[in-house]
Amino acid sequence: MALSFEEQLNAIINRFRDVPGGLMPLLHAVQDEFGHVPPESVAVMAKALNLSRAEVHGVISFYHDFRTSPRGQITVQLCRAEACQAMGSRQLEVYAKQRLEIDFGETTGDGKYTLEPVYCLGNCACAPSVRIGDDIYARVSADRFDQLLAKQDGSS
Amino acid sequence: MTARIFVPFDTTARALGADDVAKEIRAAALHRGLDVEIVRNGSRGAFWLEPLVEVETASGRIAFGPVMPGDAEALFEAGFPGPCDHELSLGVTSEIPWFSRQQRLTFERAGLADPLSLDDYRQMGGYEGLDAALQMTGQQIVDAVKESGLRGRGGAAFPTGIKWQTVLDTDGDQKYIACNADEGDSGTFADRLLMEADPYQLIEGMTISGLAVGATQGYIYLRSEYPQALKILNEAISKAEKAGLLGDDVAGSGMAFHLEVRLGAGAYICGEETSMLDSLEGKRGMVRFKPPLPAIKGLFQKPTVVNNVLTLAAVTTILAKGAEYYKDFGSGRSRGTLTVQLAGNIKRGGMVELAFGHSLRELVEDFGGGTFNGRPIRAIQCGGPLGTYLSEKQWDTALDYEAFAEIEGMLGHGGVVVFDDTVNLAEQARFAMEFCAIESCGKCTPCRVGSVRGVELIDRITSGEQVDDNMLVLEDLCETMVEGSLCAMGGLTPYPVRSAVREFPEDFRSE
């Protein structure tokens, strides 16, 4: 039987309620479960952790990873940091935005892709780097970027 | 006889297709009725050769690389995994000059085995440091670390033993070890490589640190951009717990040490130690005023050792082989080895571990082989996004902390990012300011506002607007940021900017 939103949220909160400094792992777990941190979860988390809503909101808004609105099915992150710049990431960024017809932080009209910047994936010897889901790709040219998207289209 | 074949499952190897290569090798072997065992090892750090496939033979391991998806069939046709003559064949791995010319201490084991095998780790000298530490008092361990000359590898190069002494000397009902694995500098990946290739070394180092200062809880603050390292660390910790090497009774000593990985959330500033502590407490990653030092009032206001991954890992070598052994590597006040990460536009990129003192040129030309695309090198950025851009006349500088300080550079975490002659340093300077604006925690004004003004100023300069006047304002702004910022984020952002202006002034006057 499917759990309601409140039941799911409370089950996650209970895992972190007594963990020292538990708000960060809690937010990660909530985002993993729902795809983003739903605004209606903020008050519930705040109450459970004995924090103010402002404190929870403050943490969510501080970190680039946390989102309060749904993303596309697939998040594509392009590395914008220096090692990737040295290998043409500025051009790749222009290409990717044209190809998907969106800017950073936006989602394609069909709800499939969200494009995000990222600052270093630790793959700096084989740049430019792209992350799709938990997979990282090296030496991504415009052609390879197209292939990666085609692979996503084939698998979904 | 079963042939043992090694295919790394490190992030970079996988990013280049190592998972598919492993599958293809398995399929090709099956197709031929060959009995093979595929070990997914860590990377040895030669990312230019990844995916680097190795075969165990009587005369040592032989290497093939880079073996890309689609190459397996041709390799098998040429006789792989037996003796074969193929263009990807590199001979005995340890004899490849890129490896044989290194002096590996911290990365001695990297890539040799399945990183999650505790048996392999022990066979290669793992946990000898902890065994030694268990025979010593906390003060003796701290003395050994002091004696070794080890300095923090995160970037600030503070003497590790002195930091530990402070934590040891501070009373507290609870103390912590906080490992900074928020390796956010572009061009650096040594922490990631170590965590993915030799995770038990970090676990052992943190355990020793806990014994030394009397801390029973450790946290590894890992950046969320490293999903593979997260998986490997969590599995390694769970195996170490099951083996009794972590928990309430470490190796039967009666002493407790618990370890947990905490994930960051994409904030560069959390690599700054006090910001990291706030983040570990579940807060916004705001930089704290110092004093109090984290060693006295750190995580949850308790005495806390905050060290980088490589610093904590190096402790295992110091304890296992003695402080003298470690100290014998290096030059001047920079003891031990330096891990240089060759990145960006580089032909033979990867992780090079050497004693301090070699020149930057040696690293980039001899090890790195120049640029990836064959164009001339124009600029090299050392030490991450807050590091200086160096022009050719500075490349003969020796790689040690003091020599770099003399040219207003910094080694930082050892990242070396190479740019070819198409780079525009005004664009790079603008990016340094932009990055600071994006990543500033916002606590102090020079960093929060200065970075935004910096972007605007550089835009005015590059569009030819009152260039001379605006250059003066830019220098004034840089001075304000250096002198007035609370931490290194705002305080060092002017370094790449000033060095770009100083060494490459022509890029700021394009018309």
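Conventions we followed
Residues numbered from 1 in each chain as written. Chains lettered and ligands numbered in written order. Predicted model: local features only at pLDDT ≥ 70, side-chain atom pairs only at ≥ 80, totals over all residues. Helix = DSSP H or I, 4+ residues; strand = E, 2+ residues; numbered from the N terminus. Buried ≥ 20, exposed ≤ 12 C-beta atoms within 10 Å, placed from the backbone. Contact = placed C-beta atoms within 7 Å. Pairing = 2+ DSSP bridges. Axes fitted to C-alpha atoms, helices over the stretch in contact; angles between N-to-C directions. Nonpolar A, V, L, I, M, F, W, Y, C, P; charged D, E, K, R; others polar. Parallel < 35°, antiparallel > 145°, perpendicular 65-115°, else oblique. Left-handed = near helix turned anticlockwise from the far one by under 90°. Core = buried A, V, L, I, M, F, W, Y, C linked by C-beta atoms within 7 Å. Expected span 1.5 Å × (residues − 1). Bend = angle between axes of the 7 residues up to and from the residue. pLDDT = per-residue confidence, 0-100.

**Things to note about the overall build of chain B**
Alright, step 1. Secondary structure summary: chain B contains 21 helices and 16 strands in total.
Alright, step 2. Its C-alpha atoms put chain B at 75 × 60 × 40 Å along the principal axes.
Alright, step 3. In chain B, buried positions account for 58% of the 511 residues.
Alright, step 4. Across chain B, every contact between residues at least 6 apart in sequence was considered, and the portion connecting residues at least 24 apart equals 73%.

**Some details on the overall build of chain A**
Alright, step 1. Across its full length, chain A holds seven helices and four strands.
Alright, step 2. Mapped in sequence order, the helices and strands of chain A form the string α-α-α-α-β-α-α-β-β-β-α.
Alright, step 3. Overall, the C-alpha framework of chain A stretches about 50 × 35 × 20 Å when taken along its three principal axes.
Alright, step 4. Evaluated residue by residue, chain A yields a buried proportion of 38% over its 156 residues.
Alright, step 5. Taking all contacts inside chain A whose residues are at least 6 apart in sequence as the whole, residues at least 24 apart take part in 54%.

**Focus on the sheet that holds strand 9 (residues 304–308) of chain B**
Residues and elements named next belong to chain B.
Alright, step 1. Pairing is parallel in the open sheet, where four strands are placed in the order 8-7-6-9. Looking at strand neighbours, the two that pair on one side only are strand 8 (258–263) and strand 9, the edges of this open sheet. Across the sheet, the axes of successive neighbouring strands diverge by a mean angle of 20°, strand direction being ignored.
Alright, step 2. Sheet topology note: the strand 6 (residues 176–181)/strand 9 ladder contains five bridges and is parallel. What sits directly across from Cys179, in strand 9, is Asn307.

**Side note on the sheet that holds strand 16 (residues 415–420) of chain B**
Residues and elements named next belong to chain B.
Alright, step 1. As summarised here, the arrangement of the five strands in space is 13-12-16-14-15, forming an open sheet in which the pairing is mixed. One side of each edge strand has no neighbouring strand; the edge strands of this open sheet are strand 13 (350–355) and strand 15 (389–390).
Alright, step 2. Pairing of strand 12 (residues 337–344) with strand 13, which is carried by six bridges, proceeds in the antiparallel orientation. Paired with Val340 across the two strands is Val352, which belongs to strand 13.
Alright, step 3. Across the sheet, helix 15 (residues 360–367) is in contact with strand 12, strand 13, strand 14 (377–382) and strand 16; its angle to strand 12 comes to roughly 55°.

**Overview of the interface of chain A and chain B**
When the parts of a complex come together, some accessible area is lost, and that lost area is often taken as the interface size.
Alright, step 1. Each side of the interface is counted separately: chain A has 34 residues, and chain B has 46 residues.
Alright, step 2. Secondary-structure elements contributing two or more residues to the side of chain A that touches chain B are helix 2 (23–34), helix 4 (53–62), helix 5 (82–85) and strand 4 (135–137) of chain A.
Alright, step 3. Looking at the side of chain A that touches chain B element by element, the count peaks at four residues for helix 2 of chain A.
Alright, step 4. Here the side of chain A that touches chain B is composed, by residue class, of 23 nonpolar, eight polar and three charged.

**Regarding the packing of helix 19 (residues 467–484) of chain B against helix 21 (residues 494–503) of chain B**
Residue and element names in this part refer to chain B.
Alright, step 1. Packing of helix 19 against helix 21 leaves a shortest axis separation of 10 Å and a crossing angle of 150°. Between helix 19 and helix 21, the angle falls in the class roughly antiparallel. Here helix 19 and helix 21 pass one another in a crossing that is left-handed. Facing helix 19, whose interface residues are Cys478, Met481 and Val482, helix 21 presents Pro494, Val497 and Arg498.
Alright, step 2. The residue makeup of the contact of helix 19 with helix 21, split by class, is five nonpolar, no polar and one charged.

**Some details on the packing of helix 7 (residues 138–148) of chain B against helix 13 (residues 309–321) of chain B**
Residues and elements named next belong to chain B.
Alright, step 1. Two elements in contact, helix 7 and helix 13, have axes whose closest approach is 10 Å; the angle formed by their N-to-C orientations is 100°. Between helix 7 and helix 13, the angle is such that the two are roughly perpendicular. Residues Ala144, Val145 and Ser148 of helix 7 lie in contact with helix 13, whose contacting residues are Val315, Ile318 and Leu319.
Alright, step 2. A breakdown of the residues in the contact of helix 7 with helix 13 according to their chemical character gives five nonpolar, one polar and no charged.

**Let's talk about the nonpolar core**
Alright, step 1. Among the nonpolar cores identified, the biggest contains 205 residues, and B:Ala178, B:Cys179, B:Leu194, B:Leu342, B:Ile380 and B:Val416 are the most heavily contacted of them.
Alright, step 2. For this core, the element with the most residues is helix 13 of chain B, which contributes nine residues.

**A look at helix 18 (residues 445–462) of chain B**
All names here are of chain B.
Alright, step 1. Between its first and last C-alpha atoms helix 18 spans 25 Å; for 18 residues at 1.5 Å apiece the expected length is 26 Å, and the two agree.
Alright, step 2. The largest bend in helix 18 is about 30°, located at Ser451.
Alright, step 3. When helix 18 is considered as a whole, its buried residues turn out to be Pro446, Cys447, Gly450, Ser451, Gly454, Leu457, Ile458, Ile461 and Thr462.
Alright, step 4. Directly beyond the C-terminal end of helix 18, a positive phi value near 80° is found at Gly464.

**A short note on the confidence of the model for chain B**
Detailed reading of the predicted coordinates is not advisable wherever pLDDT is low.
Alright, step 1. Averaged over chain B, the pLDDT score is 96; the fraction of residues at 70 or greater is 100%.
Alright, step 2. Listed scores for the predicted complex are pTM 0.97 and ipTM 0.97.

**A word on unusual backbone geometry**
Alright, step 1. Geometrically, the link from A:Ala127 to A:Pro128 is a cis peptide bond, its omega value of -5° lying close to zero.
Alright, step 2. As for its placement among the helices and strands, A:Pro128 is situated in the loop between strand 2 (113–118) and strand 3 (130–132).
Alright, step 3. Note that the residue after B:Lys290, namely B:Pro291, is joined by a cis bond; omega there is -5°.
Alright, step 4. In this fold, B:Pro291 is placed in the loop between helix 12 (273–280) and strand 9.
Alright, step 5. Located in the positive-phi region is A:Cys120, a residue other than glycine, with phi close to 90°.
Alright, step 6. Locating A:Cys120 in the fold gives a position in the loop between strand 2 and strand 3.
Alright, step 7. A positive phi angle, near 45°, is found at A:Arg139, a position not held by glycine.
Alright, step 8. Inspection of the secondary structure puts A:Arg139 in the loop between strand 4 and helix 7 (142–155).

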